[in-house]
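A closer look at the structure
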Amino acid sequence: MGTGFAGRSSSADDASTVFGNPAGMSRLKREQVTVGGAAIIAKSDIKGSGTFGGSNDGDMVPVVGVPMGYYVKPIDDHWAFGFGVYVPFGLITDYEHGFAGRYFGSKSEVQVVTLQPTISYAFNDKVSIGFGPTINRIDGTLESAALNRATPGSNDGKVKITGDDTAVGYNIGVMVQATDRTRVGLTYHSMVDYKLKGDTKISGPGFGPFSGSKFDASLKIKTPSRSTSRSPTNWMTTGPCTRAAPGPAGAAWSPSWSTTRAPGHWHRHWARSPKNRTGTTPGPTPSALPTS
């Protein structure tokens, strides 16, 4: 039975605790490997028209798979080692050929792949801590059409911006077995400061002799917050919610985040996923939600 990620910071059921709370690795008594994935299937509806014509089919978000994998090996009664590979952030929009808004944007794709070597230490059977640096690789592509002034609406040019960077952050956690039936966990995922470097390539008849030229490009992005004081912190407990259906409960807070010189904004929100008496997990799971 699933928990909708409720109690993620205080549960240590498998190797995915490398991400959820690295302190939980000390609670695993044998070597474990956990692999998984998620499919993002979104539908969109676009209305409106462009000055120079074009289509609005509306299907701008393709089906995307998000893989993940974790490994944990206990070293002794106190120490444990773990390693994680996952995708903490990403976005993709890919409009149809001839999209009415193609001069503003035709394709956007950004993904972050994170490697996290991690260690944890149990002081005793009640308290444990965990820490792991995160090595984060970001790749981004932005594309748009360029208006050909000689033939507006046709024979468009193309502008393509690409960039990448590797930056380091960290994930730290504490886990406390408060009582025989209640466990408390605190997890902190640090801000990561990226400085993407790449190039801008222009092509098309409207650029004349400059078609095919490349220019240096750069972009600074901080994820998931703008300051360490507003980085996400998950305080969760695992224990009985009701007599009929004991289980985990949790709350998560994701602060606002935005990219510099790139579309997309994120707003802060709350998400709670307590199990009810029927054993289901109502409500959204902790995540970042895009807004216009």
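The shown structure was predicted, so the numbers you read here are calculated from the model rather than taken from an experiment. (Residues numbered from 1 in each chain as written. Predicted model: local features only at pLDDT ≥ 70, side-chain atom pairs only at ≥ 80, totals over all residues. Heavy atoms only, no water.)

A word on the overall build of the protein chain. Scanning the protein chain from N- to C-terminus turns up 1 helix and 15 strands. For the protein chain, the residues scored as buried account for 39% of the 292 residues in total. Taking the contacts inside the protein chain whose residues are at least 6 apart along the sequence as the reference set, 62% of them involve residues at least 24 apart. Summed over its atoms, the accessible surface of the protein chain is roughly 16,100 Å², and 58% of this surface lies on carbon and sulfur atoms. (Helix = DSSP H or I, 4+ residues; strand = E, 2+ residues; numbered from the N terminus. Buried < 20%, exposed > 50% of the residue type's maximum accessible area, 1.4 Å probe, protein only. Contact = heavy atoms within 4.5 Å. Areas by Shrake-Rupley, 256 points an atom, 1.4 Å probe, with all protein chains shown as cover.)

As a further point, take the pattern of salt bridges. One pass over the full model with this rule turns up 6 salt bridges. A salt bridge links aspartate 139 to arginine 137; its shortest N-O distance comes to 3.6 Å. Taking relative accessible area as the criterion, aspartate 139 reaches 30% and is therefore assigned partly exposed. For arginine 137, a relative accessible area of 35% gives the class partly exposed. A cluster of three or more residues bridged by salt bridges with shared partners is formed by Arg137, Asp139 and Asp164. (Salt bridge = Lys/Arg side-chain N within 4 Å of Asp/Glu carboxyl O.)

As a further point, take a nonpolar patch on the surface. Taken together, the side chains of Ile75, Trp79, Phe81, Phe83, Val85, Val113, Leu115, Ile119, Ile135 and Val168 define a hydrophobic patch exposed on the protein surface, amounting to about 810 Å² of accessible area. Put simply, the parts of the chain that give the nonpolar patch at least two residues each are β3 (79–94) and β4 (107–122). Top element by residues in the nonpolar patch is β3. It accounts for 4 residues. Assignment of secondary structure puts leucine 115 in strand β4. Residue classification places leucine 115 among the partly exposed residues on the basis of a relative accessible area of 34%. (Patch = residues over 30% accessible without salt bridge, like charges linked within 9 Å, V, L, I, M, F, W, Y side chains within 5 Å.)

Here the phi dihedral of asparagine 155 falls at roughly 50 degrees; this positive angle occurs in a residue that is not glycine. Turning to its location among the elements, asparagine 155 is positioned in the loop between β5 (127–146) and β6 (157–177).

Bridge analysis of β3 against β4 gives 14 bridges, and the strand direction is antiparallel. The partner of glycine 90 across the bridge, within β4, is glutamine 111. Across 13 bridges, the pairing between β4 and β5 is antiparallel. In the sheet register, threonine 114 faces β5, and the bridge partner there is asparagine 136. Connecting β4 to the antiparallel partner β5 that follows it, the hairpin turn spans 4 residues. (Pairing = 2+ DSSP bridges.)

Another aspect to go through is the side chain of serine 128. Position of serine 128 relative to the elements: it lies in strand β5. Among the residues examined, serine 128 registers a relative accessible area of 5% and is labelled buried. A distance of 3.0 Å separates a polar atom in the side chain of serine 128 from the backbone oxygen of alanine 23. Setting aside residues no more than four positions away along its own chain, serine 128 makes contact with Ala23, Ser26, Tyr121, Ala122, Gly173, Val174 and Met175. (Polar contact = N/O pair within 3.5 Å; in protein donor to acceptor, adjacent residues only side chain to side chain.)

All chains considered together, the criterion is met by 8 aromatic pairs. Relative to phenylalanine 123, the ring of tyrosine 121 lies with its centre 5.2 Å away and its plane at 85 degrees, an arrangement referred to as edge-to-face. Of the residues examined, tyrosine 121 reaches a relative accessible area of 23% and is grouped as partly exposed. The rings of Phe19, Tyr70 and Tyr86 are connected pair by pair, giving a single aromatic cluster. (Phe/Tyr/Trp six-rings, centres within 6.5 Å; stacked < 30°, edge-to-face > 60°.)

All right, on to the environment of glycine 90 then. Relative to the elements of secondary structure, glycine 90 occurs in strand β3. The sequence separation of glycine 90 and glutamine 111 amounts to 21 residues, and the corresponding C-alpha distance is 4.1 Å. Setting aside its immediate chain neighbours within four residues, glycine 90 contacts Val110 and Gln111.

Within the fold, glutamate 143 resides in strand β5. Residue glutamate 143 is classed as buried on the basis of its relative accessible area, which comes to 14%. Setting aside its immediate chain neighbours within four residues, glutamate 143 contacts Gly105, Ser106, Lys107, Lys158, Val159 and Lys160.

By the bridge criterion, 20 bridges tie β5 to β6 in an arrangement that is antiparallel. Bridging across to β6, glycine 132 finds its partner in asparagine 171. Counted along the chain from β6 to the antiparallel partner strand β7 (residues 183–189), the turn is 5 residues long.

This part covers the environment of asparagine 124. Along the polypeptide, asparagine 124 turns up in the loop between β4 and β5. Side-chain polar atoms of asparagine 124 contact the backbone nitrogen of valine 127, separated by 2.9 Å.

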